[in-house]
Amino acid sequence: MPRREAPAACAGAPAEVQGRRGAIRRIGWGSLALAGSLAGCGRGSKNPEGPLDFWAMGREAEVVTELLGAFHARHPAVRVRVQQLPWTAAHEKLLTAYAGDALPDLCQLGNTWLPEFSALGALEPLDERMAAAGIPRDDYFTGVLDTNLMPADGGASRLLGVPWYVDTRLIFYRTDLLRAAGHAGPPETWSEWRAAMRDIRRLAGGRSYGVLFPLNEPDPLFALSLQQGSVLSEDDTRGAFSQPPFRRALDFYASVFRDDLAPRMANTQISNVWDEFARGLFAFYVTGPWNIGEFRRRLPPERQGDWAAAPLPGPDGPGVSTAGGSSLVIFRNSRRKEAAWKLISYLSEPETMQRFHALTGDLPPRRSAWRTPALADDPPSQAFARQLERVHAAPKIPEWERIFQEMQLTAERVVQGRQRPEAACRELDTWVDAVLEKRRWLRSRRA
Amino acid sequence: MTKHGAAAWILAGPALLVIAVFFALPVVAGLALSLTDFDIYALADLSTLRFVGLQNYAHLLQTPLFWQALGNTLYFVVVGVPVSIGLSLGAALLLDSRFARWQPFFRTSLFAPVVTTAVAVAVIWRYLLHARYGLVNQGLAAIGVAPVDWLGDPHWSMPAIIAFAAWKNFGYNMIILLAALQAVPRDLYEAARIDGAGAVRRFTDVTLPMLMPTFVLVGILTVSGYFQLFAEPYVMTQGGPLRSTFSMLYLMYEEGFRWWNLGNASAVAFLLFIVIFCASWVMLRFDRDAPGRR
């Protein structure tokens, strides 16, 4: 998933949100403006000779300007204007820009947002450009590239984005606690994992929990359920959360809490995850690549030798995980697609990706970019390299983000003991079916 | 049509036109939108827009999140409005006092929060309320109170938002109440004093009844304003923690701009309108039926 820990939220507030009354009025105006743009007035009047507009989010936007020196040296005619969007406001900003025909030429897009912009028909297919530029597709981690392939007419698929950096979830763990509990290496299966967590819980009078699954984060549960199968059925038009695949994942997830191997806590209730990890509140933490850097910065020096990362355990051997990250896309209405593609292919070169990784810690999506010592000789990064060979895309539908959040609210109710899993999953399916009603209607209309 | 009638229409015309275009039309468009399932697919291709009648409304009334948002909003209104008006009244009484010096200076500085940008001052309040480094908790620590995670604890987040909103808004009502206070005839106080009324009796039996009509006006303005809680939680808590500061307007915003279900969002807007309308109507009734009013 593209989102990281919410950045300083105040930076995310668009300046135009000035008052309660203003917000109500904007909805009204939004609908009018929308009607206007749908009526077809004034699409694309941009100057093809103007600078290239590139929207990027958060830290990546800050860093990408440092990479542009070499690009300008190679393409002096192309000027690039980078606009930074805060993650918290980016999605609304992009949709409003679509409605108002004010999209940039190219953009960084969280890969779970691709289906939405694909449904809008806002993205330029990149298959031909990719082939012409000689960028080998099979150099990309398969599961990550797949998140950028959107189904097209006639069962084919089109490439609508080029992966820029990748994100997945795996386990960070305390090697010393695991060793003290009598386990030589990280667990590879669910049963090994559970056994390790039990042994750690027994250690030192139950001071440590086995794992931290923050209750407000859907990613760990979704990664576990990806290992079991699909959570949607009938061509992604109905929920399948009551079906055995998701139920097995939820049962494992809930049993970890039931056996008191995980604290019932949201991330917001833990003021500092790194302090608690260093103190040994939990031995395993399912999280993403940015924590490699954070662990090095924030764990005290005496703990630096006591942590490692390993691929996510699966039901019967190393399991799959989520395929997140960000892609670079070109918008269909752009008048500067050639220049935009030049920038994308520059940013997709393994050397650029390596510099990008050095500046941000973002993991590159191309296997050839991983040949730098900074990645190849770094054990936690190598755990990610192994995991990235086993990642699956989330359902490619615009409603996914919403379903994803609702899935976690359901799981939270089950974990807190407020609802039995059968009833909770049935209710979730009913909710999902209602959300996907439009998709069923669209499908029947096409048929 | 008479000659006078024509002249009246010509004179009122521009204003009516503005009201029609900028008020009536958006409201009607919003109402129409709330009867459709306008969503991301309709945005891409208008032919997928469907008329769904009152389904959006029925669906909302069955959504727990809607009731939670309504509950949070009512909490904010029921607690926030009295606190806010109480603060305004207190400040107005202090300013109206015979002993007050530099009245224009204090009037201006107490009014200042009203004209500042909510987003900008919310950022400052976030610093003040920070669990570890905030000035509020440092002050509490000085008198031996354990630190409170104001914006992170679901029990404290709404009180924190209320405190912020009351501080931000009390100056506006203060000015109105101050004007009303200054309009109370001085001879009423004199007569009361001659009848032997102390300061408290003069306040409860002269000041408050004379302010009653102003209270109704201030009350309606504040209630309808507070029902539209949005900027404060948007900037300070993003509706969290655990949706404890998730308001009706926030729900509308999420439906409309996060999930792009403009049909649903418009339905939320109209339900909110009905709630505010009912609340204002009840307050007007209350005022009309109040003892001593004709």
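Cut-offs used in this document
Residues numbered from 1 in each chain as written. Chains lettered and ligands numbered in written order. Predicted model: local features only at pLDDT ≥ 70, side-chain atom pairs only at ≥ 80, totals over all residues. Helix = DSSP H or I, 4+ residues; strand = E, 2+ residues; numbered from the N terminus. Buried ≥ 20, exposed ≤ 12 C-beta atoms within 10 Å, placed from the backbone. Contact = placed C-beta atoms within 7 Å. Core = buried A, V, L, I, M, F, W, Y, C linked by C-beta atoms within 7 Å. Domains from an automatic or database assignment. Nonpolar A, V, L, I, M, F, W, Y, C, P; charged D, E, K, R; others polar. Pairing = 2+ DSSP bridges. Axes fitted to C-alpha atoms, helices over the stretch in contact; angles between N-to-C directions. pLDDT = per-residue confidence, 0-100. Parallel < 35°, antiparallel > 145°, perpendicular 65-115°, else oblique. Left-handed = near helix turned anticlockwise from the far one by under 90°.

Draft legend 1. Representation of the overall build of chain B. Secondary structure assignment for chain B yields 13 helices and zero strands. Secondary structure elements of chain B occur, N-terminal to C-terminal, as α-α-α-α-α-α-α-α-α-α-α-α-α. Put simply, chain B has 294 residues, and 34% of those count as buried. A sequence separation of at least 24 residues applies to 67% of the contacts in chain B between residues at least 6 apart.

Draft legend 2. How the structure looks around the overall build of chain A. What chain A contains, in helices and strands, is 19 helices and 17 strands. When burial is assessed residue by residue, chain A has 44% of its 447 residues classed as buried. Sequence separation of 24 or more characterises 77% of the internal contacts of chain A that already satisfy a separation of 6 or more.

Draft legend 3. Region of interest: the nonpolar core. L106, I171, V211, F284 and V329 of chain A together with V268 of chain B are the most contacted members of the largest nonpolar core, which totals 171 residues. It is helix α8 (residues 157–183) of chain B that contributes the most residues to this core, twelve residues altogether. Those residues in contact with I171 of chain A, other than ones at most four positions away along the chain, are P186, F284, V286, A309, A310 and L312 of chain A.

Draft legend 4. View of the domain arrangement of chain A. Residues and elements named next belong to chain A. For chain A, the domain assignment lists domain 1 (29–167 + 323–377) and domain 2 (170–322 + 396–446). With ten residues of domain 1 at the contact, the number on the domain 2 side is eleven residues. Class assignment of the residues belonging to the side of domain 1 that touches domain 2 gives a composition of five nonpolar, three polar and two charged.

Draft legend 5. Fine view of the sheet that holds strand β6 (residues 162–167) of chain A. Residue and element names in this part refer to chain A. Within the open sheet, the five strands sit side by side as β2-β1-β3-β16-β6. Their pairing is mixed. Here the strands that pair on one side only, and so sit at the sheet edges, are β2 (80–85) and β6. Within this sheet the neighbouring strands show an average axis-to-axis angle of 20°, counted without direction. Here five bridges tie β6 to strand β16 (residues 324–330), and the two strands are oriented antiparallel to one another. Considered in β16, the bridge of D167 is made with G324. Against the sheet, helix α13 (residues 337–347) touches β1 (52–57), β2, β3 (106–110), β6 and β16, its axis set at about 150° to β16.

Draft legend 6. Fine view of the sheet that holds strand β11 (residues 282–287) of chain A. Residues and elements named next belong to chain A. Pairing is mixed across the open sheet formed by four strands, whose spatial order is β8-β11-β7-β12. Among the strands making up the open sheet, the edge pair consists of β8 (209–212) and β12 (307–310). Averaged over all pairs of adjacent strands, the angle between their axes in this sheet comes to 20°, without regard to strand direction. Sheet topology places strand β7 (residues 170–174) next to β11; four bridges connect them, and they run antiparallel. Following the sheet pairing, Y173 is matched in β11 by F284. Across the sheet, helix α16 (residues 379–388) lies against β7 and β12, angled at about 15° from β12, the strand it touches most.

Draft legend 7. Layout of the confidence of the model for chain A. Taken as a whole, chain A shows an average pLDDT of 87; of its residues, 89% reach a score of 70 or greater. When the criterion is pLDDT under 50, residues 1–45 of chain A qualifies, and its contacts beyond four places in sequence or with other chains add up to 88 contacts.

Draft legend 8. How the structure looks around the environment of Q227 of chain A. Tracing the chain through its elements places Q227 of chain A in the loop between α9 (219–226) and β9 (232–233). As a C-alpha pair, Q227 of chain A and R390 of chain A span 163 residues in sequence and 9.8 Å in three-dimensional space.

Draft legend 9. Molecular detail of the environment of Y41 of chain B. Relative to the elements of secondary structure, Y41 of chain B occurs in helix α2 (residues 40–44). The class for Y41 of chain B is buried, based on 21 C-beta atoms found within 10 Å. The sequence separation of Y41 of chain B and F203 of chain B amounts to 162 residues, and the corresponding C-alpha distance is 61 Å. Those residues in contact with Y41 of chain B, other than ones at most four positions away along the chain, are A119, K438 and L442 of chain A together with T48 of chain B.

Draft legend 10. Spatial organisation of unusual backbone geometry. A positive phi angle, close to 60°, is found at D235 of chain A, a residue other than glycine. When you line up the elements, D235 of chain A lands in the loop between β9 and β10 (238–239). On the neighbour-count criterion, D235 of chain A (11 C-beta atoms within 10 Å) is exposed. Backbone geometry places W102 of chain B, a non-glycine residue, at a positive phi of 50°. By secondary structure assignment, the location of W102 of chain B is in the loop between α4 (64–96) and α5 (103–115). For W102 of chain B, a count of 9 C-beta atoms within 10 Å puts it in the exposed group.

Draft legend 11. How the structure looks around the packing of helix α2 (residues 58–74) of chain A against helix α14 (residues 350–360) of chain A. Residue and element names in this part refer to chain A. The N-to-C vectors of α2 and α14 enclose an angle of 130°; their axes lie 10 Å apart at closest approach. Classed by the angle they form, the pair α2 and α14 counts as oblique. In the crossing of α2 with α14, the sense of the turn from one axis to the other is right-handed. Within the contact between the two elements, α2 uses R59, E60, V63, E66 and L67 and α14 uses T352, R355, F356, L359 and T360. Of the residues contributing to the contact of α2 with α14, the split by class is four nonpolar, two polar and four charged.

Draft legend 12. Molecular detail of the environment of T214 of chain B. All names here are of chain B. Mapped onto the secondary structure, T214 falls in helix α10 (residues 199–227). Taking the C-alpha atoms as reference points, T214 and G30, separated by 184 residues in sequence, lie 33 Å from one another. Contact partners of T214, with chain neighbours within four places excluded, come to I176, L177 and A180.

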